[in-house]
Structures are given as C-alpha cells and as structure tokens.
Amino acid sequence: MSVDLEKILRPTPADMAPYEPKYMLLASGEAAVVRAVDRDEIPDLLKHVEPLLHVERDYYDVVASRVYAELLSHYQYRFQDQYVLAVQVDGELAAIVNGRQVTPNLGLSLHTLALRRGLRIGAHAFAAKMEYHFDALGHDEVLIVAESPIGFRRWMIEYKLEKRFEVPHELGGVPSWALTRELFDAARSSLVVGRRPVPPEILDKAKEAILPPSDPPTPALDPLSATRSKYDPTATALMVERWAMEEGIQDA
Amino acid sequence: MRDVYVAGIGITTFTRLEFALSEIASYASMMALKDAGITEVDQVYVANMGAPRVNHQTALASAVVDSLSLTPAGAAAIENGPASGGSAIKAGFQAVASGMDDVVLVAGVERMREVNGLEATDFIATLTHPIAEYIYGVTLPAHAAMFTRLYMDKYGVTERHLAMVGVKNQNAALKNEWAHLQQGISLEGILDSPEAMTNNPYVAEPLRFFDACPVSDGGAAIILVSEEKAKEFGRPLIKLSGVGQATDTHSVHEREEPTDLLAVRKAAGDAFAMAGLTPQDVDVAELHDAFTILEIAESEEVGFFPKGEGHIALEKGETALGGKIPINVGGGLKGRGHPVGATGVAQAWEIVTQLRGDGGERQVEGASVGFTCNFGGFGNNVVCLTFEKEA
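Conventions and cut-offs
Every chain is numbered independently, its residues counted from 1 as its sequence is written. A letter from A marks each chain and a number from 1 marks each ligand, given out in the order of writing. The predicted nature of this model means local features are confined to residues of pLDDT at least 70 and side-chain atom pairs, given and counted, to a pLDDT of 80 or more, with totals for whole chains, interfaces and linings taken over all residues. A run of DSSP states H or I qualifies as a helix once it reaches four residues; a run of E qualifies as a strand once it reaches two. Both are numbered from the N-terminal end. Partly exposed residues are those falling between the two cut-offs: more than 12 but fewer than 20 other C-beta atoms within 10 Å of their own, whereas 20 or more means buried and 12 or fewer means exposed, with C-beta atoms placed from the backbone. Contacts are defined on C-beta atoms placed from the backbone: any two residues whose C-beta positions lie within 7 Å are in contact. Here the expected span of a helix is defined as 1.5 Å times the quantity of residues minus one. Only when DSSP finds a minimum of two bridges between them are two strands counted as paired. Axis geometry follows a simple rule: fit a line to the C-alpha atoms, using only the stretch in contact for helices, then measure angles between N-to-C directions, giving values from 0 to 180 degrees. For every residue, the predictor states its confidence as a pLDDT score lying anywhere from 0 to 100. Here roughly perpendicular refers to angles of 65 to 115 degrees, roughly parallel to angles under 35, roughly antiparallel to angles over 145, and oblique to all remaining angles. The sense of a crossing depends on the near helix, which, turned anticlockwise from the far helix by less than a right angle, makes the crossing left-handed and, turned clockwise, makes it right-handed. Here the term charged refers only to Asp, Glu, Lys and Arg, the term nonpolar to Ala, Val, Leu, Ile, Met, Phe, Trp, Tyr, Cys and Pro, and the term polar to all other amino acids, Gly among them. Residues enter a nonpolar core if they are buried, belong to Ala, Val, Leu, Ile, Met, Phe, Trp, Tyr or Cys, and are joined to the set through C-beta atoms within 7 Å. Place the viewer so that the strands point away; then a crossover is right-handed whenever the path from the first strand over the helix to the second strand goes clockwise.

> Got a minute to help me understand the overall build of chain A in this structure?
Secondary structure assignment for chain A yields nine helices and eight strands. With 252 residues in all, chain A has 43% of them scored as buried. Sequence-distant contacts, at least 24 apart, represent 67% of the contacts inside chain A between residues at least 6 apart.

> Explain helix α4 (residues 84-97) of chain B here, please?
Since there are 3.6 residues in each turn of an α-helix, residues three or four apart along the chain are aligned in direction. Residues and elements named next belong to chain B. Across its 14 residues, α4 extends 20 Å between first and last C-alpha, which sits within 8% of the 20 Å expected from 1.5 Å per residue. Burial runs high along α4: ten of the 14 residues are buried. Those residues of α4 that sit buried are S84, G85, G86, S87, A88, I89, K90, G92, A95 and V96. Directly beyond the C-terminal end of α4, a positive phi value near 90° is found at G99.

> Would you mind showing me how to read the sheet that holds strand β5 (residues 106-114) of chain A here?
The pairing of strands in a sheet happens through backbone hydrogen bonds and is either parallel or antiparallel. Residues and elements named next belong to chain A. If you walk across this open sheet you meet the eight strands as β1-β2-β3-β4-β5-β6-β8-β7, and the pairing is mixed. Sheet topology places β1 (22-25) and β7 (162-168) at the edges, where each strand pairs with a single neighbour. When the angles between neighbouring strand axes are averaged without regard to direction, this sheet yields 30°. Looking at chain direction, strand β6 (residues 141-144) and strand β8 (residues 175-180) are connected through four bridges and run antiparallel. When the bridges of β8 are listed, I144 appears paired with W177.

> Teacher, can you tell me more about the sheet that holds strand β2 (residues 43-47) of chain B here?
Residue and element names in this part refer to chain B. Across the sheet, nine strands lie side by side as β3-β2-β4-β7-β1-β8-β11-β10-β9; this open sheet has mixed pairing. At either margin of the open sheet sits one strand with a lone partner, and together these are β3 (74-78) and β9 (284-286). Averaged over all pairs of adjacent strands, the angle between strand axes in this sheet comes to 25°, irrespective of strand direction. Strands β2, β3 and β4 (103-111) of the sheet are contacted by helix α3 (residues 60-67), whose axis makes an angle of about 125° with β2.

> Can you walk me through the environment of V4 of chain B in this structure?
Residues and elements named next belong to chain B. Looking at where V4 falls in the secondary structure, it is placed in strand β1 (residues 4-11). Counting along the chain gives 238 residues from V4 to G242, while the straight-line C-alpha distance between them is 9.6 Å. Sequence-distant contacts of V4, defined by excluding residues within four places in its chain, comprise F93, V96, A97, L224 and L240.

> Where do I start with unusual backbone geometry in this structure?
The phi torsion of most residues other than glycine is negative, and most of the peptide bonds are trans. The step from R196 of chain A to P197 of chain A runs through a cis peptide bond, and the omega angle for that step is -5°. Relative to the elements of secondary structure, P197 of chain A occurs in the loop between α6 (181-191) and α7 (200-208). Backbone torsion omega between E205 of chain B and P206 of chain B reads 10°, so that peptide bond is classified as cis. Here P206 of chain B is to be found in the loop between β5 (202-204) and β6 (207-208). Of note, the phi angle at D58 of chain A is positive, near 50°, even though the residue is not glycine. Structurally, the position occupied by D58 of chain A is in the loop between α2 (42-49) and α3 (60-75). Of note, the phi angle at K160 of chain A is positive, near 55°, even though the residue is not glycine.

> Sorry, what's going on with the confidence of the model for chain B here?
If pLDDT is low for a region, its predicted coordinates should not be looked at in detail. Scored by pLDDT, chain B comes out at a mean of 96, with 100% of its residues at no less than 70. Interface scoring of the predicted complex returns ipTM 0.91; its pTM is 0.92.

> Is there a simple way to explain the packing of α2 of chain A against α3 of chain A in this structure?
Each packed pair of helices is defined by two parameters, the angle between the axes and the distance between the axes. Residue and element names in this part refer to chain A. Two elements in contact, α2 and α3, have axes separated by 10 Å at closest approach and are oriented at 165°. One finds that α2 runs roughly antiparallel with respect to α3. Read as a crossing pair, α2 and α3 show a hand that is left-handed. Contacts from I42, P43, L45, L46 and V49 in α2 reach A64, V67, Y68, L71, L72, H74 and Y75 in α3. Residue composition of the contact of α2 with α3, grouped by class: eleven nonpolar, one polar and no charged.

> Explain the nonpolar core to me, please; I cannot follow it from the model alone.
Note that soluble globular proteins tend to have their nonpolar side chains buried in a common cluster. Formed by 198 residues in total, the largest nonpolar core has its most connected members in I222 and V345 of chain B. With residues up to four places along the chain from it excluded, the contact list for I222 of chain B reads V6, I9, A32, I89, V106, V345, A348 and W349 of chain B.

> Just checking my understanding: could you explain helix α7 (residues 159-172) of chain B for this structure?
All names here are of chain B. Taking 1.5 Å per residue as the helical rise, α7 with its 14 residues ought to reach 20 Å, and the 20 Å between its terminal C-alpha atoms agrees with that figure. Within α7, eleven of the 14 residues are buried, which leaves the element mostly enclosed by the surrounding structure. Regarding α7, the residues found buried are H161, L162, A163, M164, V165, G166, V167, K168, N169, Q170 and A172. Where α7 is buried, its residues meet α8 (187-192), α12 (292-301), α13 (310-315) and α14 (332-336).

> Explain the confidence of the model for chain A here, please?
Confidence in the prediction of chain A, expressed as mean pLDDT, is 89, and 87% of residues score 70 or more. Low pLDDT, under 50, characterises residues 223-238 of chain A; the stretch is placed with 30 contacts to residues that sit more than four places away or in other chains.

> Help me understand the pairing of β7 of chain A, please; the structure alone is not making it clear to me.
Residues in a regular strand point their side chains to alternate faces of the sheet. Residue and element names in this part refer to chain A. Alignment of β7 against β8, held across four bridges, turns out to be antiparallel. Across the sheet, residue E162 finds its bridge partner in β8, namely A178. Taking the residues that link successive antiparallel strands as the turn, the β7-β8 hairpin has six residues, and the phi of G172 there is positive, at about 80°.

> Just to check I follow, could you spell out the pairing of β6 of chain A for this structure?
Residue and element names in this part refer to chain A. Burial along β6 is two-sided: the residues E141 and L143 and V142 and I144 are all buried. Pairing of β5 with β6 involves three bridges; the strand directions are parallel. In the sheet register, L106 faces β6, and the bridge partner there is E141. Viewed along the sheet, the connection from β5 through helix α4 (residues 121-136) into β6 turns out right-handed.

> Which parts of the structure should I look at to understand the environment of T148 of chain B?
All names here are of chain B. Turning to its location among the elements, T148 is positioned in helix α6 (residues 140-155). Spatially, the C-alpha atom of T148 lies 7.7 Å from that of L207, the residues being 59 residues apart in sequence. Among all residues touching T148, those that are not within four sequence positions of it are P206, L207 and I293.

Written as structure tokens, this is what we have:
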C-alpha cells in the first residue's frame, strides 16, 4: 500500500477570511496598494527579497533571510496558516508583511520588510496587517517582536505594546510583545490609514506584475556600518527609559 | 582691504555618513582643493558645532590639516552654533582681505546621525539660553513652533504656506545629487488627503514632520583667495563681495517683537552695504530654512519682500526656480539636509555653483549675484554673504 507522504507533510490550512485590498496616498502623492499575495506570486517576491540578504545594515540581512525562508516554505506548503500582504506603488514592490494565525483568537506577526525606505511605507504596511488580524480574522491579540531598533520604535513604542515575555515568540524564541484589540483601537485614528475599494485601474496595475523596487536598500559602503547600526540611531534606548519612568510613575 | 574670491568648492553627499568626522571634512576639502587645482594653503578653518559632544573629537582643524597633508598651514576650528559655517567663511574672508593670508580653506562638517534623534535634538538645544530656556526643556522645534504661531496670528501665514515651502524645497532637492532627501512630496500627500495627518503628523504644533529639516551628516568646503591668486586659475571669477554678521538677544522672549528677526535684518543690510548691492540685485538666494517658517520670515527680513508678505510671494511662485527671486533651489536645509556646522559652507557651495552656471537642472538662468543667510541660535547670531560673478 503506498503512502502519500506529501499529504502528511503539508499542514491542514485553517479557514482564514480574505484580505480586502486597500490603498492610501503616500506623502509623495503616489498611491500605494496593499493586497494579499497569491501563492503563485511568491516566486516574484523571492526574486526581490534575495538581494536584501546581503544588505548588512539596519538588520536587513537578518530580516530578509527569515522572510525568504518563510515565503519559500509557504510556497512549498511547509508553513501553517501564513498570509502575505504586499505594498506596491505603481506596480513596484515597496513592502512585504506577513504573519500567521495561531488560534482563531491569536495572531502572530512575522515580518515587515520595506523594500523602499521612507514615506512611512513600512509603518503603513504594518498597520495594514494588524488591521487584517483584528478586523478580518477577529483575533483578540497579536504576538510581535522586532529585530531592528527601527522596528522596535515603530511597533513597541508607537503602539505602546504590552509585554508577553512569558511567551517565546516563534521568531528566534525571544520574549513576545502583544498588540491587543484595545491598544489597536486606540492607535487607529493616528496610525491606520487606507481607502476601500481600490479603484480598478490601480488594483489592476498592482496585479499585473510585481515589479522590482527601483531604489532598494543597498549594502553599506563601509564594512563597519553593520556594527555601527547596533548603536541604535532611532532613540529606542531613551524612549524605553522614558517609558519605564512613566510606568514607574503610574505604578506609584 | 583686498578683494576676496572663491577658487574652489567641494561637498559630500548629505545623508547618514558612516565615516569619521575628520574624514568627512577632509573629503569635501579634497574636492575643493582639486576644484581649485592647488595642494597648498596658508590657513584652514573648520566649522563644526558638535564634535566634542556628539563625536567625542576635539581639535578638528588639526586632524583635517594632517589628513590632507596641508601642514604647516595654520588651522583652527570655529564653533558658532548653526552659524559656524558662515562664521568660518567670515574668518577666511578677514584673513585674505587683511593681507595676512593668500589662500584659505574653509570647511564645514557635522556628523549628527552618530547619535539617536533625541540626543541630536538635545545637542542642538544646548544653543538656547541655559537658564531661561534650556532647563525648561525648550528645543529648536519648540522655539520654531512658538515663532510660527505668532507669525500666523500676525501676518496670516497658514499651514498651507508652510507645506508649500516644504514641497518646493524637498522637491528641489531631487535635482541636487548631493541632497539628503531624495523622496518627492506633494501637498495632497502631506496636507490635503485623508492620510495626510498620519503621513505628516504634528511634531510641535503648528509645525508638522515635513516642516522640519532632516538630521544629516555631511561636509562642504570652499577656498578663498586674493584677487592675484584668483586670476591664476583661469575660470569665472566669483567674488565674495559682502559679509555681514549680527546678533540678537540670546533668549527669544527678551525681544520686543519676537517675530522680528533683527539680526537677520542687520547682517543682510551690512552684507549688501559692503557689496554696494540691494536685495533686488540678487538672482539666487540660500536662506536658512531649518523650519519652513524661517524661509518665509527671512525672505522678508533680508529685504526681498516687505514684512509680512513673504508668504504672498511664495503663493505667486516668486521664490521658486523661474520666479522673481529663486530661493533654496538646491533644496535648502529642508531638502539638502542640515549638518549644522556644514550648512553655512554648503549654502556658499550652492551659490558658487549657480554663479558658475553649473547648476544643471536647477540652474537659475543668468545668475550673477547670489546671497546666503546662515541663521544661528534662534536668530541670535546670523551671518549673511553676497557673491558676485565677474566678467
């Protein structure tokens, strides 16, 4: 009797609500579309992520390596309940965000990878995936970690995330932080933007082809830059210090 | 007093530079030396504001001279807040005009992105009054916000006018390969769309994110020479024809009318008087737009427009490329970036580039008279310069 091993290896997908695409105007006036990426589009994303594996600044190498592995394993049916959203500007890939559903009530944020820097593209992408977790999937909270100081400032600080340090995150087993529905609702008015439905001409352009970013992050000229990026140019340390002080004041 | 000319200019990209501070200054200087075709100078001045505090480096001028093998030239660093660059050019001017030196290299440099944004803001805030301002947490964005509010109330400037300056200058930077910000912005994206408040939040109301210049690293350099030396170079003669510097009260609240920038008015007036020019003679200007409101206010104080009418000229497009008096066509501090010690020198770099006709896409046609305003403190130490192209 033959055994269909592939059937055993593939995860059984949960029933996840679709992501309704949206668009927003960037500071540049360009329209950015956020949409779910189909499985057969994953190879296009992989092509554009691969060069970032070699960008030794701001943890692009670490994040891109992990994103590459997540996308590839999703494509080859080796990842449980992962979703992938892409941000495109005039067809060009500007950001990738992904995550997964752990239980019907709990979401897990995987990565936010900005392939075009500035204009809050990464921040808009992160907000879109949190919107998906809470509004479409109905999660009560999402577990989050950051690999870079920039990510820490954007997620932990701007959304005022709660600590879930007792829960190791799937990304490296590091302590988790959590965005609760209450925290997300508090941040909506200032951090979450987007309009629906997306005008057909804009959506069609995005679906036509995932074009490579025209100005992607590039390797540093100075080999020491990878080390220097650890000096945290984003004020994280001071903001955390202030945060701790505020907590101390509240506790008192 | 001898006439003083510009023999060479150099600049680095303004961005996050992962090199030692003295290397950044040396690179810009090397470009200026190459531009002038010389390898020896009599004196070096290096403008910088934060090396001891931000980069843990002192005696910067000695490092630059050694790095460039310019010994035994005299060398000194000049710290004068954000007006350090203009002040160093003034020192170079005095050295040549007095006959003491024939060739002076003036470099300006800053590396601010070595520290985080909060530390950089705090470092700049150390220029405020230590007892009357700093200890109460006043920062430069806070100063600029209070100034803007007063200006809005008194003269009818609106957030739209501020955004117009931001869009004009940040988009102008797209035509300047050395500029820090290489992302265009639009009024719709930062002011008029449903996303605008998230794209462009208030940092210090009424100032928003895109009303402030970026925190930048960078260096710029200029070589000043006597007329005799200048004629040896065989290229268009650019004369540094006017220099003016003035101060105002250290703390802003002590000024009789805080919306009047008296140091700007006097420094500009002195520079024009020395050159025998009027504001109406200027073809292209670099104003110190660390915050968008400053371009509007300075354009009035230096005499381009009547007081309170700078924003009206802006609306009419008079300050844009192709307008009556194009301002900050290389992006200004808003688009090019603002490594504080380098800014005054970078302004001169842009004006000399324009007067040489090397501005490329951002060239002001037929420019022969240029003007810079380097604004230190919150208007308490200002250096203005005029440059003229000679036939």
